[in-house]
Amino acid sequence: GEDVEQSLFLSVREGDSSVINCTYTDSSSTYLYWYKQEPGAGLQLLTYIFSNMDMKQDQRLTVLLNKKDKHLSLRIADTQTGDSAIYFCAEGQGGKLIFGQGTELSVKP
Amino acid sequence: DTAVSQTPKYLVTQMGNDKSIKCEQNLGHDTMYWYKQDSKKFLKIMFSYNNKELIINETVPNRFSPKSPDKAHLNLHINSLELGDSAVYFCASSQGTGDQPQHFGDGTRLSIL
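Just so it is clear, the model here is predicted, and its values are computed rather than measured.

Reading guide: rules and limits
Residues numbered from 1 in each chain as written. Chains lettered and ligands numbered in written order. Predicted model: local features only at pLDDT ≥ 70, side-chain atom pairs only at ≥ 80, totals over all residues. Heavy atoms only, no water. Disulfide = S-S within 2.5 Å. Helix = DSSP H or I, 4+ residues; strand = E, 2+ residues; numbered from the N terminus. Buried < 20%, exposed > 50% of the residue type's maximum accessible area, 1.4 Å probe, protein only. Contact = heavy atoms within 4.5 Å. Buried area = accessible area lost by both parts, 1.4 Å probe. Salt bridge = Lys/Arg side-chain N within 4 Å of Asp/Glu carboxyl O. Nonpolar A, V, L, I, M, F, W, Y, C, P; charged D, E, K, R; others polar. Pairing = 2+ DSSP bridges. Axes fitted to C-alpha atoms, helices over the stretch in contact; angles between N-to-C directions.

(A) Region of the structure containing the state of the cysteines. Enumeration according to the criterion identifies two disulfides over all chains in this entry. Covalently, Cys22(A) is tied to Cys89(A) through a disulfide, its sulfur atoms 1.9 Å apart. With the S-S bond torsion at -60°, the cross-link from Cys22(A) to Cys89(A) turns out left-handed. With a gap of 67 residues between them, Cys22(A) in strand E3 (residues 18-23) and Cys89(A) in strand E9 (residues 85-93) connect regions that are remote in the sequence. Residue class for Cys22(A) comes out buried when judged on its relative accessible area of 1%. A relative accessible area of 0% places Cys89(A) in the buried class. Shown here is the disulfide that connects Cys23(B) with Cys91(B), its sulfur atoms set 1.8 Å apart. Looking along the S-S bond of the Cys23(B)-Cys91(B) disulfide, the torsion reads about -80°, which is the left-handed sense. With Cys23(B) in strand E3 (residues 19-25) and Cys91(B) in strand E9 (residues 87-94), the pair connects residues that are 68 residues apart, well separated along the chain. There is no split in this pair, since Cys23(B) and Cys91(B) are both buried.

(B) Broad picture of the interface of chain B and chain A. Contacts between chain B and chain A engage 22 residues on the former and 22 residues on the latter. When the two sides are added together, the surface that chain B and chain A hide from each other amounts to roughly 1700 Å², 55% of it contributed by carbon and sulfur. Where chain B touches chain A, the interface holds one salt bridge. Residue Lys96(A) is joined to Glu58(B) by a salt bridge in which the shortest nitrogen-to-oxygen separation is 2.7 Å. Elements with a minimum of two residues in the side of chain B that touches chain A: strand E4 (31-37), strand E5 (43-50) and strand E10 (103-104) of chain B. A per-element tally of the side of chain B that touches chain A places E4(B) first, with three residues. Considered class by class, the residues forming the side of chain B that touches chain A number nine nonpolar, seven polar and six charged.

(C) Main features of the sheet that holds E3(B). Residues and elements named next belong to chain B. Strand order across the open sheet formed by four strands is E1-E3-E8-E7, with antiparallel pairing between neighbours. Edge positions in the sheet fall to strand E1 (4-7) and strand E7 (64-70), since each of these pairs with one other strand and no more. Strand after strand, the sheet turns through a mean of 20° between neighbouring axes, direction not considered. Pairing between E7 and strand E8 (residues 73-78): five bridges, direction antiparallel.

What follows is the structure in structure tokens.
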């Protein structure tokens, strides 16, 4: 199947860590992606991880990949109000991206 | 600035009309895409082109006709617009046809009255 699943909402307090989870189905994907969409804006490629890696860190962002369980997570350290957005997980399949439903992250001051 | 740029940003039109959305990328990529985002924010691929050749057509109604005059441009023409076509349409580009990071434009919000 082509399902990529994410929870729809996450609410955190400013300064806390946020963890957004995703499960995917295609074990042959070369890369797995996280995109960010701010209200009324386009899709920003936030980060991505090569499928033979377990972890990738980029400043406040940490991506964890569990290939056995087909589970991907995005951790945002020290979450700020500017991080409020919808975060999409995506897997690559035959040259196209299959997206999850998006997780709306709300950061409260 | 290097980017994927789409025009127009907003498009409001009547049912039954024909309209076009343009996309250009100056990233030097050779593959371009159109995705549709519905009112529930769900994103789905419509088409992809590599070096002006159609490589993915994801069972989109033939009222939608993509055209790629060169590898830096991919336009989308829609005939006989229907209410269900209301959505945000995103253009994207990548290098190569395999699983490569795709860079998106800011989207075109199409509203059908």
